[in-house]
Amino acid sequence: MSKPGHNLPRDPVRSVPWPESVSRPVVTPLQPGVVYASPDIDTLNAQYEGGAQGYTYSREGHPNASVLAQKLDEMEGARGGMMTGSGMGAVSAVLLGLLQAGDHMIGGDQLYGRSLRMLTQDLPRFGIETSFADPTDAASIRAAMRPNTKMILVELVSNPTLRIADIDAIYQIAHENGAIVVVDNTFTTPRGYRPFDHGADIVIHSVTKLLAGHSDAMLGYVAAKSADHAQAIWDVIVTMGFTASPYDCWMAERGLYSFDLRFERASANAAALATMLAEQPGVSRVLYPSRSDHPDQARAAAVLGGQFGNMVSFEIKGGHSSAQRLTEVIDMNFAPTLGDVGTTLSHPASSSHRGLTPEGRSALGISDGFFRMSVGIEDLSRLEHALKTAISASQS
Ligand SMILES: *Cc1c(COP(=O)(O)O)cnc(C)c1O
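About the criteria used
- Residue positions are given per chain, counted from 1 along the sequence in the order it is written.
- Local features in this predicted model are restricted to residues whose pLDDT is 70 or higher, and side-chain atom pairs enter the listing and the counts only when it is 80 or higher, whereas totals over whole chains, interfaces and linings include all residues.
- Only hydrogens and water are removed before side-chain values are computed, so all heavy atoms of the structure are retained for them.
- What counts as a helix is a DSSP run of H or I of at least four residues, what counts as a strand is a run of E of at least two, and both are numbered from the N terminus.
- Note that the radius of gyration is over C-alpha atoms, with the globule rule given as 2.2 Å times the number of residues to the power 0.38.
- Using a 1.4 Å probe on the protein chains alone, a residue whose accessible area is under 20% of its type maximum counts as buried, one over 50% counts as exposed, and one in between counts as partly exposed.
- In this analysis, two residues are considered to be in contact whenever any of their non-hydrogen atoms come within 4.5 Å of each other.
- Using a 1.4 Å probe, the Shrake-Rupley method yields the accessible areas, and only the shown protein chains count as cover for residues.
- For patch detection, residues must exceed 30% relative accessible area and be free of salt bridges, and they are connected within 9 Å for like charges or within 5 Å for nonpolar side chains (Val, Leu, Ile, Met, Phe, Trp, Tyr).
- Here a salt bridge means any side-chain nitrogen of Lys or Arg lying within 4 Å of a carboxyl oxygen belonging to Asp or Glu.
- Throughout this description, a polar contact denotes any pair of N or O atoms lying within 3.5 Å of each other; where both atoms belong to protein, one of them has to be capable of donating a hydrogen while the other can accept it, and for residues adjacent in sequence the pair is counted only when both atoms sit in side chains.
- What is meant by a nonpolar core is a set of buried Ala, Val, Leu, Ile, Met, Phe, Trp, Tyr and Cys residues, joined one to another through side-chain atoms within 4.5 Å.
- Points on a 1 Å grid, built from protein atoms alone, make a cavity when a 1.4 Å probe fits but cannot get out and make a pocket when they are open with protein on both sides within 12 Å along at least 5 of 7 lines; residues with an atom within 4 Å of a point are the lining residues.
- Grid points are joined across faces, edges and corners, and a volume is the space filled by probe spheres set on the points.
- By the convention adopted, Pro, Cys, Tyr, Trp, Phe, Met, Ile, Leu, Val and Ala count as nonpolar, Lys, Arg, Asp and Glu as charged, and the other residues, Gly among them, as polar.
- The pairing criterion is simple: DSSP has to find at least two bridges between the two strands.
- In this analysis an axis means a line fitted to C-alpha atoms, helices contributing only their contacting stretch, and an angle means the value between N-to-C directions, from 0 to 180 degrees.
- Stacked, edge-to-face and tilted are the three classes for Phe, Tyr and Trp ring pairs, Trp counted by its six-membered ring, which pair at centre distances within 6.5 Å; planes under 30 degrees apart are stacked, over 60 edge-to-face, the rest tilted.
- Any residue with a heavy atom lying within 4 Å of a molecule or strand is counted as near it.
- If over half the atoms of a molecule are within 2 Å of the grid points of a cavity or pocket, the molecule is regarded as sitting in it.

> Which parts of the structure should I look at to understand the overall build of the protein?
When helices and strands are counted, the protein shows 14 helices and 12 strands. In summary, the protein has a C-alpha radius of gyration of 24 Å against a globular reference of 21 Å for 396 residues, a match within 12%. Seen through its C-alpha atoms, the protein measures out along the principal axes to roughly 80 × 50 × 35 Å. Burial statistics for the protein: of 396 residues in total, 48% are counted as buried. For the protein, the share of sequence-separated contacts (at least 6 apart) that also reach a separation of at least 24 residues comes to 71%. Of the roughly 18,800 Å² of accessible surface on the protein, 53% is carried by carbon and sulfur atoms.

As structure tokens, then:
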């Protein structure tokens, strides 16, 4: 059925049909299109009303987000997960979609920096009450509950001290009181822990980190157990424009293909480096959840099922000047991120936790000599050499 005008002179702006092919590309195609044309009014109506499946405008969804969300859903044991333009987009969509003026929520006291800011600066502007509690201590969570508490937001593994939340107690306390539990699973990944298998109501990821894994895609993911929650979150994503870019989804999907391999290699490297670091005379403390001197070692073993992850924190002797020297000489990227294929080193006192007073930092165990390392997939001996050399130079 040709439309009128088909025999007018060709214009490069006019669409030509996508070439037919009985064979399909092996990889997911990148579809950057923003606008989708429907064949006619009745079909468009059916699309809006759910009778026909089809994209309309990419802020409201696009194929690359759908494909990636479906893969992450499988990994998390979720249904109907949604992509956002960043991890913070996912956090914001959950908080703004599910809370209203007069509600109260509790956050873990070592949340990601921007999530902390959201609770301290932004939600109160909308009349939402917020407070913090120590997620490793069930009594602290229980004491923070109020009659209007609607939500608890936790990260299972805290940044940068790698403490493990008493997550089963948190599910129990929240659900006894009619509140929901939102787990930011970025550090743990579904290889370490699947929140929906245990009692979480919402799962969030910064896909930017380990899942995409190459520091070249910025994305978030959120899935909800309840369809009503999912709808409310989706409406915020679309209305406030937290939409993910097709290109980033496409890049992240490519990164995801190697996620399992990367996670295993990076975790094995991390465990070996934790042991090596503990033997260095210049190192005063090593934090890794499988170590017997880790404060939550028993809980980590029970909750993480032997997957202790790629994050290692350590403290060197000599305070700021030694730490400065280490960053000057180390053959490793000094960058406050995590989850890249390459190892990155961050210094919480000058980055994620610079907003705290020195006393506030020392209450969390973060001194000027404290480093957090996101271990990558490099050859282990190279990483060992880089660390040993730089730590010994930092002490001279
Ligand atoms: C990085 C991070 C975020 C924010 O994700 P972006 O993709 O950077 O917006 C949220 N939570 C945790 C635990 C993170 O590490």
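There is more to say, and it comes next.
> Please explain a nonpolar patch on the surface as it appears in this structure.
Taken together, the side chains of V26, V27 and Y257 make up a nonpolar region of the molecular surface, amounting to roughly 360 Å² of accessible area. Here V27 is to be found in the segment before helix 1 (41-49).

> Help me understand the side chain of H205, please; the structure alone is not making it clear to me.
Within the secondary structure, H205 sits in strand 6 (residues 202-206). Residue H205 is classed as buried on the basis of its relative accessible area of 2%. Only 2.6 Å separates the side chain of H205 from the side chain of E76, close enough to count as a polar contact.

> Sorry, what's going on with the nonpolar core here?
Looking at soluble globular proteins, one finds that nonpolar side chains tend to be buried together. Residues M83, L156 and V207 are the most contacted members of the largest nonpolar core, which totals 51 residues. By residue number, the principal contributor to this core is helix 6 (residues 167-176), which donates five residues. Every residue in contact with L156, bar those within four places of it in the chain, is listed here: R163, I164, A165, I167, D184, T188, Y193, V303 and L304. Formed by 27 residues, the second largest nonpolar core is a distinct cluster that contains V94, L99, M151 and F242.

> What am I meant to see in empty space enclosed by the protein here?
Any empty space left between the atoms is revealed when a probe the size of a water molecule rolls over them. Counting across every chain of the model gives three cavities of 30 Å³ or more. Estimated volume of the largest cavity: approximately 100 Å³. As for the largest cavity, its lining consists of V157, L162, F187, T188, G192, P289, L304, Q307, F308, G309, N310 and M311. Looking at the lining of the largest cavity residue by residue, the classes come out as seven nonpolar, five polar and no charged.

> Sorry, what's going on with the sheet that holds strand 3 (residues 129-133) here?
Note: strands within a sheet are paired through backbone hydrogen bonds, in either parallel or antiparallel orientation. The strand order across the open sheet built from seven strands is 1-7-6-5-4-2-3, with neighbouring strands paired in mixed fashion. Only two strands of the sheet have a single neighbouring strand rather than two, namely strand 1 (82-84) and strand 3. Ignoring which end each strand starts from, the neighbouring axes of this sheet average 20° apart. In terms of strand pairing, strand 4 (residues 149-155) meets strand 5 (residues 180-184) through five bridges, oriented parallel.

> Any chance you could explain unusual backbone geometry here in plain terms?
Peptide bonds are, in most cases, trans, and in most cases residues other than glycine have a negative phi. Cis peptide bonds are those with omega within 30 degrees of zero, and the linkage from N159 to P160 qualifies with 0°. Among the structural elements, P160 can be located in the loop between strand 4 and helix 6. At L162, a position not held by glycine, the phi torsion is positive, near 60°. As for its position among the elements, L162 is in the loop between strand 4 and helix 6. The residue T189 is not glycine, and still its phi comes out positive at about 65°. In this structure T189 comes out as buried when scored by relative accessible area, which is 1%.

> What exactly am I supposed to notice about the sheet that holds strand 11 (residues 344-346) here?
An order of 8-9-12-11-10 is seen for the five strands of this open sheet, with the pairing classed as mixed. Strands with a single pairing partner mark the edges of an open sheet, and in this sheet they are strand 8 (283-287) and strand 10 (333-334). Alignment of strand 9 (residues 311-316) against strand 12 (residues 370-374), held across five bridges, turns out to be antiparallel. If you follow F314 over to strand 12, its bridge partner there is F371.

> Looking at this structure, I do not really get the layout of surface pockets. What am I missing?
Estimated volume of the largest pocket: approximately 960 Å³. Lining the largest pocket we find 39 residues, and of these E60, S66, G80, M82 and W234 sit closest to its centre. Within the residue set of the lining of the largest pocket, elements represented by two or more residues are helix 1, helix 2 (63-76), strand 1 and helix 8 (227-240). Counting residues per element, the lining of the largest pocket draws most heavily on helix 8, which supplies seven residues. Of the residues contributing to the lining of the largest pocket, the split by class is 16 nonpolar, 17 polar and six charged.

> Looking at this model, I keep getting lost on the packing of aromatic side chains. Mind explaining?
Geometrically, a pair of aromatic rings is defined through the distance of the ring centres and the angle of the planes. All chains considered together, the criterion is met by four aromatic pairs. Centroid distance Y36 to Y55: 5.6 Å. Interplanar angle 40°. Geometry classified as tilted. Taken together, the residues Y36 in the segment before helix 1 and Y55 in the loop between helix 1 and helix 2 connect sequence positions 19 residues apart. Judged by centre distance (6.1 Å) and plane angle (35°), the rings of Y247 and W250 are tilted. Note that Y247 and W250 are positioned in helix 9 (residues 246-257) at a spacing of three residues, about one turn of the helix. The class of W250 is partly exposed, set by a relative accessible area of 29%.

> Would you explain the site of the ligand in this entry?
Close contacts around the ligand come from 13 residues, with G87, D184, S206, T208 and K209 the closest. The backbone of G87 places a nitrogen or oxygen atom 2.8 Å from an oxygen atom of the ligand. One of the side-chain N or O atoms of K209 is found 2.8 Å from an oxygen atom in the ligand. Look at the ligand: alone it shows 380 Å² of surface, and the protein chains cover 95% of it. The cavity that encloses the ligand is the second largest pocket. Class assignment for the residues of the shell around the ligand results in five nonpolar, five polar and three charged.

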